[in-house]
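Structural features, examined
Letter by letter, the chains look like this.
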Amino acid sequence: MTRSTTGPNLFIPGAPKCGTSWAAGMLALHPDVFVPHVKEPHLYGSDLTPLRWSRTASAVRDLYGDADGAPALDASVFYLTSQRAAAEIKAACPEARILIMVRHPLRAIESLHAQLVFDRNEDIVDLNEAVRACSDRSEGRRIPRTCTRPEALDYVSVVRFGAQAQRFVREFGEQQVRFVFHQDLVDNRKATQTEILRFFGLDPHKGSEPSTANARREVRSKAMSTVLRSVERSERAKQAVRKALPHQTLWRLRTRLKKLNSRPADHLTLEPTLGAEILDSLSTDIDLLEKLAGRRLDSWRCA
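Scope of this entry: the structure provided in the associated data block. (Residues numbered from 1 in each chain as written. Predicted model: local features only at pLDDT ≥ 70, side-chain atom pairs only at ≥ 80, totals over all residues. Heavy atoms only, no water.)

The next subject is the overall build of the chain. Check the secondary structure of the chain and you find 15 helices and six strands. Within the chain, the proportion of its 303 residues that are buried is 47%. Accessible surface, the chain as shown: approximately 14700 Å² in total, 50% of it carbon and sulfur. (Helix = DSSP H or I, 4+ residues; strand = E, 2+ residues; numbered from the N terminus. Buried < 20%, exposed > 50% of the residue type's maximum accessible area, 1.4 Å probe, protein only. Areas by Shrake-Rupley, 256 points an atom, 1.4 Å probe, with all protein chains shown as cover.)

Set out below in structure tokens:
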């Protein structure tokens, strides 16, 4: 499968904390796929808060200019929450293949909260309090100063997978969209890997499996985290570092430092009553996802 556009043609638009890092890592090990040094460039989704990459043709060339006609991956996990990303991706690459990865909504919320706390995008450490703050966050209140992705703090909206996936199915049709459920990844990782590679038109016999998944982590040193965050937020510091180091080297160094400054985190769970309230509010959305994916999701209707 070759690409007809300068940018990516293989997409994993989400959802966050549903196995996307594992899938991107697996594809990065495949010899026939080009994976840029930035896993989540978020080049599309003009309604999302812009991150480090501008949405321009030059940004696409910077990331994908070395693909040399190979299938190229974009694993920006907040495309799924965007109202515009599906249409913008379709306009840029009508033949794109879309892999949507989802999991039980409550488990996704629990895992996402832990990740946001680790990344300092979330300052409410108590999981249940953070979820109860969703209505405030959706209206722009109680957003941490260090947060670069405010949309992620509206946890319940992030897990409305049915409505989100419907936008991609409408744009690309059922043949170009595939669903992968996290439980399948847990139950039979090798079979799931083969399914993904075949959907993307890749030889499954050439694939390798990454050694680890994106496990739940917490910060070892808040001081070190503050320093890293300060450098990321300072344009003057970023310009100085970029002059000294190639971008790929800088990205790998940042990733390595963040990994060294982390340790396994405890698994926090939602209170049963709050979990039941969330699932009740998602009932219609789960119905929709069942229809789109052609799969019963009875286990999703209980905490």
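Okay, back to it.
Think of an α-helix as turning once every 3.6 residues; residues three or four places apart then point the same way. In a regular helix each residue adds 1.5 Å, so twelve residues correspond to 16 Å; helix 8 (residues 161–172) covers 17 Å between its end C-alpha atoms and thus fits that length. Just beyond helix 8, the residue with positive phi is Gly173, at close to 85 degrees. (Expected span 1.5 Å × (residues − 1).)

Reading across the sheet, the four strands line up as 2-1-3-4 and stay open at both edges, with parallel pairing between neighbours. Single-partner strands in this sheet number two, and they are strand 2 (73–74) and strand 4 (177–181). Direction of pairing for strand 3 (residues 97–102) relative to strand 4: parallel, over a ladder of five bridges. If you follow Val102 over to strand 4, its bridge partner there is Phe181. (Pairing = 2+ DSSP bridges.)

All told, the structure shown has eight aromatic pairs when counted by the stated rule. With a centroid separation of 5.4 Å and an interplanar angle of 40 degrees, the aromatic rings of Phe199 and Phe200 are classed as tilted. When sorted by exposure, Phe199 lands in the same class as Phe200, which is buried. An aromatic cluster of at least three residues, connected via ring pairs, comprises Phe11, Tyr44 and Tyr79. Lying across the ring of Phe181, Arg295 places its NZ or CZ 4.2 Å from the centre. (Phe/Tyr/Trp six-rings, centres within 6.5 Å; stacked < 30°, edge-to-face > 60°. Lys NZ or Arg CZ within 6 Å of the ring centre and 35° of its normal.)

Moving on, we get to the packing of helix 4 (residues 105–118) against helix 14 (residues 272–281). Interaxial distance between helix 4 and helix 14 falls to 10 Å at its minimum, and their mutual angle equals 120 degrees. Between helix 4 and helix 14, the angle is such that the two are oblique. Crossing geometry of helix 4 relative to helix 14 is assigned as right-handed. Two secondary-structure elements touch here, helix 4 through Pro105, Leu106 and Ile109 and helix 14 through Gly275, Ile278 and Leu279. (Axes fitted to C-alpha atoms, helices over the stretch in contact; angles between N-to-C directions. Parallel < 35°, antiparallel > 145°, perpendicular 65-115°, else oblique. Left-handed = near helix turned anticlockwise from the far one by under 90°. Contact = heavy atoms within 4.5 Å.)

For strand 1 (residues 10–14), the buried fraction is high: five of the five residues fall into the buried class. Relative to strand 3, strand 1 is paired through three bridges, and the arrangement is parallel. Residue pairing across strands places Phe11 opposite Ile98, the latter belonging to strand 3.

Before going further, it helps to examine helix 10 (residues 189–199). Burial in helix 10 covers these residues: Thr192, Gln193, Thr194, Ile196, Leu197 and Phe199. At its buried positions, helix 10 is contacted by helix 1 (20–28), strand 3, strand 4 and helix 9 (182–187). Of the residues trailing helix 10, Gly201 is marked for its positive phi of about 75 degrees.

This paragraph deals with the environment of Phe34. For Phe34, the location among the structural elements is in the loop between helix 1 and helix 2 (57–64). Taking the C-alpha atoms as reference points, Phe34 and Ala72, 38 residues apart in sequence, are found 4.6 Å from one another. Setting aside chain neighbours within four positions, we find Phe34 in contact with Leu63, Tyr64, Asp66, Ala67, Ala70, Pro71, Ala72 and Leu73.

This paragraph deals with the pattern of salt bridges. Two side chains with opposite charge may pair up if their charged atoms get near one another. If you walk through the whole model with that rule in mind, you get 16 salt bridges. The partner of Glu122 in a salt bridge is Arg137, and the shortest N-O contact between them spans 2.6 Å. Of the two residues, Glu122 is situated in the loop between helix 4 and helix 5 (127–132) and Arg137 in helix 6 (residues 134–138); the sequence distance between them amounts to 15 residues. Side by side, Glu122 and Arg137 carry an identical accessibility label, which is buried. One salt-bridge network, in which partners are shared between bridges, spans Glu129, Asp136, Glu139, Arg141 and Arg142. (Salt bridge = Lys/Arg side-chain N within 4 Å of Asp/Glu carboxyl O.)

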